[in-house]
Amino acid sequence: MIFWAERLGRSCFVFCVLTLVVCASADQHIHAENPQIWNGAQVFSKSCLPCHGANSPAALDLTDPIALRRRATTAAQVVRDGLMPPWLPSESGAPLKDSRKLSATDRAALLEWLDQSAQGKVPSAVVTPRPSQECEIAFRVADGWQVGGDPGMTLRSFAIKQDPTMNPDAPKFFNAIEFVADAPGVVHSISFLWDELGFAARLDASDPAPGYDAVGDIGLQVSGSSGGVSRLSTLWQLPKGYAMKIPIDAVLVAEIHAEGRGKVESTAGNVRFLTPEFPCKLVHAIAISPSRPATIASACEAVSISIRAGSRVQSIDVFAKDAKGQLQCVLNIPKWNERLSEPWMFDPPLALEAGTELIVQSTVNADAQKTPLDAHAAAMSQPMIVVLVADKDADLIREK
Ligand code: HEC
């Protein structure tokens, strides 16, 4: 089945109002019987509550002080284990934008407070407003696809056909993707790609259910080559001055990874592609895996990196090996967890000289080592990595 994209110029007013209503009601849960605000409570509000409010991706509301106190031990444990706040990359790679890694001081204050069963008042979370950028492509995704009670990740891909009226003012570029899920947290991630050959549309049309039962990857385009969102970061945004091109006559494909949470839930939601500021440079995708390194043809800047890897993978390293053989660690993930995966942005963009080779190394975990490595398992043990780069000398795009 094919979903028709509408092109809208509508403002984000409705979303803003909804966001305000949600955070105002969450706020009322926080009681003030003990007015003292511990430092740890402040850290909790800043670093935990953005994802642990009433309608948040974690499906775990910690704004209610009673619920929070009941879970204080678990909360302290997941912080000690390095699982929360979620952030997979270590500090050994290139600097990344919006790292959630806690400073040693904040971590200590948070743990002290959680260990004292989270007493006192908790300041309400600071909610980041939705982007006010113009939006020209907006569509529903995964309408009609539901996941059931069984835990475990499932995947479907959807071909999103463009407006058949072919608006002559159709947008040609975007630099951000926003996903607002009907039921936040069910969808773990969405990876986008453009299918210029029409395979996805045919697969989608021949599958009676919504979407089709396969990875989105079509021909040479890799899922994620056109950006993606995750439940941890529902707004994917290239840095200012960079944009992606929307190919004419191509079908947009959304590969959706979702997980059942003990009840039947919809995976659907609203996606918006947001218009860049001009002038900007175009970015394009380089796909690499342990068996497929890539050599940079001309000097470029890497802006984003995203990974698709199964649960057999333990660690992932991406290196840039320059023409002189010098190795630089671009990204290091000591303990891969597909449940906490998201696209990462290099901040600042990472300069790569011509002739640099991008290399991936990965290991499999102890469970995977015990099972025989057939062809399927071997494929599942290979992380697929998409790096978005802009050529250093690329022409600037000055207008829509
Ligand atoms: C970017 C979003 C995000 C932030 C920030 C975040 N969490 Fe979570 N949290 C999640 C998600 C998503 C899950 C569900 C994990 C899963 O499905 O594996 C979760 C799960 C949890 C759980 C349940 C774990 C379990 O095993 O039952 C606890 C407790 C928790 N988080 C505490 C925290 C604390 C404490 C912080 C702040 C230090 C925090 N979280 C920050 C997204 C977040």
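For the structure, check the block above.
Residues numbered from 1 in each chain as written. Predicted model: local features only at pLDDT ≥ 70, side-chain atom pairs only at ≥ 80, totals over all residues. Heavy atoms only, no water.

Visitor: What am I meant to see in the pairing of strand β13 (residues 269-274) here?
Guide: For a regular strand, the rule is simple: side chains alternate between the two faces of the sheet. Within β13, five of the six residues are buried, leaving the element largely enclosed by the surrounding structure. The pairing of strand β2 (residues 135-141) with β13 spans six bridges and is antiparallel. Within the sheet, the bridge partner assigned to V141 lies in β13 and is G269. Inspection of the sheet shows strand β6 (residues 176-181) paired to β13 by six bridges, in the antiparallel sense. Note on β13: the bridge partner recorded for A181 is G269. (Buried < 20%, exposed > 50% of the residue type's maximum accessible area, 1.4 Å probe, protein only. Helix = DSSP H or I, 4+ residues; strand = E, 2+ residues; numbered from the N terminus. Pairing = 2+ DSSP bridges.)

Visitor: Explain the sheet that holds strand β9 (residues 235-237) here, please?
Guide: Strand order in this open sheet of four strands is β2-β13-β6-β9, and the pairing throughout is antiparallel. The strands lining the two open edges of the sheet, one partner per strand, are β2 and β9. Between one strand and the next, the sheet's axes are offset by a mean angle of 15°, whatever the strand orientation. In this structure, β6 lies alongside β9, joined through three bridges in antiparallel fashion. Bridging across to β9, E178 finds its partner in L235. (Axes fitted to C-alpha atoms, helices over the stretch in contact; angles between N-to-C directions.)

Visitor: Looking at this structure, how should I read helix α4 (residues 72-80)?
Guide: Given 3.6 residues per turn, any residue in an α-helix points the same way as the ones three and four places further on. Along α4, the positions that sit buried rather than exposed are A72, A75, A76 and V79. Taken end-on, α4 shows its buried residues confined to a sector of 100°, consistent with a single buried face. Residues of α4 that are buried make contact with α3 (65-70) and α5 (104-115). (Arc of directions from axis to C-beta. Contact = heavy atoms within 4.5 Å.)

Visitor: Would you explain the environment of F179 in this entry?
Guide: By the secondary structure assignment, F179 is in strand β6. Relative accessible area serves as the criterion here: at 4%, F179 is assigned to the buried category. Taking the C-alpha atoms as reference points, F179 and A138, separated by 41 residues in sequence, lie 10.0 Å from one another. Beyond its immediate chain neighbours, meaning those up to four positions away, F179 contacts V141, V187, I190, V229, T234, T267, A268, G269, N270 and V271.

Visitor: Help me out: how do you make sense of the coordination of the iron atom of the ligand in this one?
Guide: Four donors placed tetrahedrally about a metal ideally form angles of 109.5 degrees, and six donors placed octahedrally ideally form angles of 90 or 180 degrees. Here the iron atom of the ligand is held by the protein donor atoms H52 (NE2) and M84 (SD), which lie 2.0 to 2.3 Å from it. Its six donor atoms give the iron atom of the ligand angles of 85 to 180° at the centre, a pattern that matches the octahedral case. Of this pair, H52 sits in the loop between α2 (39-47) and α3 while M84 sits in the loop between α4 and α5, placing them 32 residues apart in sequence. Of the residues examined, H52 reaches a relative accessible area of 10% and is grouped as buried. (Donors = N, O, S within 2.8 Å, 3.2 Å for Na, K, Ca; no water. Tetrahedral: all angles 85-135°; square planar, octahedral: opposite > 155°, others 65-115°.)

Visitor: I would appreciate a short explanation of the packing of aromatic side chains in the present structure.
Guide: Each aromatic ring pair is summarised here by two numbers: the centre-to-centre distance and the angle between the ring planes. Scanning all chains against the criterion turns up seven aromatic pairs. A ring pair is formed by F173 and F278, whose centres lie 6.0 Å apart and whose planes are at 75°; its orientation type is edge-to-face. Taken together, the residues span a long stretch of sequence, with F173 in strand β5 (residues 173-174) and F278 in the loop between β13 and β14 (281-282) at a distance of 105 residues. Look at F173 and you get buried, because its relative accessible area is 9%. When its relative accessible area of 25% is taken as the criterion, F278 is described as partly exposed. Relative to F273, the ring of W194 lies with its centre 6.4 Å away and its plane at 70°, an arrangement referred to as edge-to-face. (Phe/Tyr/Trp six-rings, centres within 6.5 Å; stacked < 30°, edge-to-face > 60°.)

Visitor: What is the right way to look at the site of the ligand in this model?
Guide: Lining the immediate surroundings of the ligand are 17 residues, of which C48, C51, H52, M84 and R339 lie closest. In the environment of the ligand, a nitrogen atom lies 2.7 Å from a nitrogen or oxygen atom belonging to the side chain of H52. Per-element tally for the shell around the ligand: the top contributor is α4, with three residues. Here the shell around the ligand is composed, by residue class, of 12 nonpolar, two polar and three charged. (Near = heavy atom within 4 Å. Polar contact = N/O pair within 3.5 Å; in protein donor to acceptor, adjacent residues only side chain to side chain. Nonpolar A, V, L, I, M, F, W, Y, C, P; charged D, E, K, R; others polar.)

Visitor: Explain the sheet that holds strand β16 (residues 294-295) to me, please; I cannot follow it from the model alone.
Guide: Each strand in a sheet pairs with its neighbour through backbone hydrogen bonds, running either in the same direction (parallel) or in the opposite one (antiparallel). What the four strands build is an open sheet, ordered β16-β21-β18-β19; its pairing is antiparallel. Of all the strands in the sheet, the pair left with one neighbour each is β16 and β19 (327-333). Inspection of the sheet shows β16 paired to strand β21 (residues 357-364) by two bridges, in the antiparallel sense. Residue A294 lies in a different strand from β21, and its bridge partner there is L358.

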